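# An overview of the molecular structure
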Amino acid sequence: MPPLDEMHTAQIDSDGTQFAYIDSGAPQSDTYTTVVCVHGYTFNALNFSRLLPLAHKHDLRIIAPNRRDYAGSTPFSDIELDVLNGKDDHAHMDFLQKRGLEIARFLVWIISEKKIPQSNGTSGGLALLGWSLGNVTTLSFLAHLGSYPQEIIATLEPYLRTFCLYDIQNTYLGYPSPEGAYSPFSDPEIPQDMVDAAFAKWISSYYAHPAYSDISAGGTSPGCSIETLQDRTPGNPYRSCTTDTLTAEELFLVTDLAPAARSEQKMVWNIQLPTFHDQARRALLFRDNEYLLPELNICSVYGLASEWDVQWAVWELEKDYTRWRAEGIRVRPVKFMPVEGGNHFVSSEVAYLSQQCTSLTSFQIHWDDADKFLKMLRDVVGA
């Protein structure tokens, strides 16, 4: 696992904005696919570091940046933090648009500086993957395509072919939580100085949701109510939570707690659900005859043993897609890809299920079995 001082740095604009990033480097072939992985809350880019030494075997190049405010990347300015501290919905959307533009410029930088292969339809090109809170940043990119300079779109079009929502939670799509749903952040029994530790255990536990008790390869057919989901951290889980399997050194390297209080919690709590939902609609619907990147493939990968809010996000998004199609709204098609037995780190021995697949493929995901996660990525990007 590379230490932070071995991360690379990309300057993505004339203002000097920088992203620290890790990079597996280019495979030998000229048809490899580059997957850009955007990390979530407190878990930095090094969370994907186990993928790097194995990526070439799957003809993939893995690049994972530290988002703004994380170590090595440009901190948010006082002005930007003031926006997050405020209650102006328009200012919040402008803040998100700027984060999306930064991702767009980072992708352009990768194309220009790394000389990656173009897409040929089934291999090469770029895939953009957001994980957990990282999905807010990647959705910001997709939602605001129409506001970017035309040269950015022209540069991206021959390369970007896959957009992946990886274990996104309901609030980041703007969906309200059901009444009575649990969160460690609002648990009065957890001392304030223990909230982050409680959150890490809660989000990396394995949940046996009753909704999926009869799962089969043909579909999940969930009950779609909070009563069919296990929402509290299991007291006697069937498998140890992922963070309990990390060594102290690994946990230190893959986490960065400083941005949580400085900016991340403000973004999560102060930006209102309608703003997040508006952003999701902009990302997933074609608006005002604006058909930018029309061939982009979108998938939603989620662990069936992930916490309740991941399941809720998928159920609500499926409902929206049903309604949008019924109303004749042109949508970007989404392929939903559940992972049986996978938690939020999708790191157990699991079976990869897809409505488009006729067989099950066993694999573990991005921490405990990086090799099988990369195999899944190849399936996702069509490499």
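Reading the values: rules and limits
- Residues numbered from 1 in each chain as written.
- Predicted model: local features only at pLDDT ≥ 70, side-chain atom pairs only at ≥ 80, totals over all residues.
- Heavy atoms only, no water.
- Helix = DSSP H or I, 4+ residues; strand = E, 2+ residues; numbered from the N terminus.
- Buried < 20%, exposed > 50% of the residue type's maximum accessible area, 1.4 Å probe, protein only.
- Contact = heavy atoms within 4.5 Å.
- Areas by Shrake-Rupley, 256 points an atom, 1.4 Å probe, with all protein chains shown as cover.
- Pairing = 2+ DSSP bridges.
- Axes fitted to C-alpha atoms, helices over the stretch in contact; angles between N-to-C directions.
- Parallel < 35°, antiparallel > 145°, perpendicular 65-115°, else oblique.
- Left-handed = near helix turned anticlockwise from the far one by under 90°.
- Nonpolar A, V, L, I, M, F, W, Y, C, P; charged D, E, K, R; others polar.
- Salt bridge = Lys/Arg side-chain N within 4 Å of Asp/Glu carboxyl O.
- Phe/Tyr/Trp six-rings, centres within 6.5 Å; stacked < 30°, edge-to-face > 60°.
- Lys NZ or Arg CZ within 6 Å of the ring centre and 35° of its normal.

### So, the overall build of the protein chain
Secondary structure summary: the protein chain contains ten helices and ten strands in total. Buried residues in the protein chain amount to 57% of all 383 residues. Contacts in the protein chain between residues far apart in sequence, at least 24 positions, make up 77% of those at least 6 positions apart. Summing over all exposed atoms, the protein chain offers an accessible surface of approximately 15,800 Å²; the carbon and sulfur share of this is 49%.

### Notes on unusual backbone geometry
The phi dihedral of D59 is positive, around 55°, even though this residue is not glycine. Along the polypeptide, D59 turns up in the loop between β3 (33–38) and β4 (60–65). Positive phi is not limited to glycine here, since L293 has a value of about 50°. Positionally, L293 belongs in the loop between α8 (273–284) and β7 (297–303).

### Some remarks on the pairing of strand β2 (residues 18–23)
Burial within β2 is extensive, with five of its six residues counted as buried. Here strand β1 (residues 8–11) pairs with β2 via four bridges, running antiparallel. Bridge pairing links A10 to F19 in β2. Connecting β1 to the next strand, β2, in antiparallel fashion are six residues, including G16 with a positive phi near 85°. The pairing of β2 with β4 spans three bridges and is antiparallel. By the bridge assignment for β4, D23 is matched with I63.

### Considerations on the packing of helix α2 (residues 89–114) against α8
One way to put it is that α2 packs onto α8 with a least axis distance of 10 Å and a crossing angle of 45°. The angle between α2 and α8 falls in the class oblique. For the element pair α2 and α8, the recorded crossing hand is right-handed. Contacts between α2 and α8 pair D89, M93 and L96 from the former with T275, F276, D278, Q279 and R282 from the latter. Looking at side-chain class alone, the contact of α2 with α8 contains three nonpolar, two polar and three charged residues.

### Re the pattern of salt bridges
Close approach of charged atoms lets side chains of opposite charge pair. One pass over the structure, following the stated rule, counts 16 salt bridges. For the salt bridge of E80 with R99, the shortest nitrogen-to-oxygen distance reads 3.4 Å. Taken together, the residues E80 in helix α1 (residues 78–85) and R99 in helix α2 connect sequence positions 19 residues apart. Linking K98 and D94 is a salt bridge whose minimum nitrogen-to-oxygen distance equals 2.5 Å. Residue K98 and its partner D94 are both found in helix α2; the two are separated by four residues, about one turn of the helix. According to the relative accessible area criterion, K98 is partly exposed, its value standing at 35%. Its relative accessible area of 37% is what places D94 among the partly exposed residues. The network of salt bridges with shared partners includes R68, E80, R99 and E102.

### Points about the packing of aromatic side chains
Tallied over the entire structure, the rule returns 20 aromatic pairs. On the numbers, 6.2 Å between centres and 80° between planes, the contact of F48 with W131 is edge-to-face. On the criterion of sequence distance, the pair formed by F48 in the loop between β3 and β4 and W131 in strand β5 (residues 126–131) is long-range, its members being 83 residues apart. As far as burial versus exposure is concerned, F48 and W131 are alike and both buried. Through a chain of ring-to-ring contacts, three or more aromatic side chains come together here, namely Y41, Y182, F185, F199, W202 and W269. The ring of F95 is capped by R99, whose NZ or CZ atom sits 4.5 Å from the centre of that ring.

### A look at the side chain of E102
Note on placement: E102 falls in helix α2. The exposure class of E102 is buried, given its relative accessible area of 8%. Once residues within four sequence positions are removed from consideration, E102 is found in contact with I12, T17, F19 and R68.

### A word on the environment of Q18
Here Q18 lies in strand β2. Taking relative accessible area as the criterion, Q18 reaches 30% and is therefore assigned partly exposed. Those residues in contact with Q18, other than ones at most four positions away along the chain, are T9, A10, Q11, S73 and T74.

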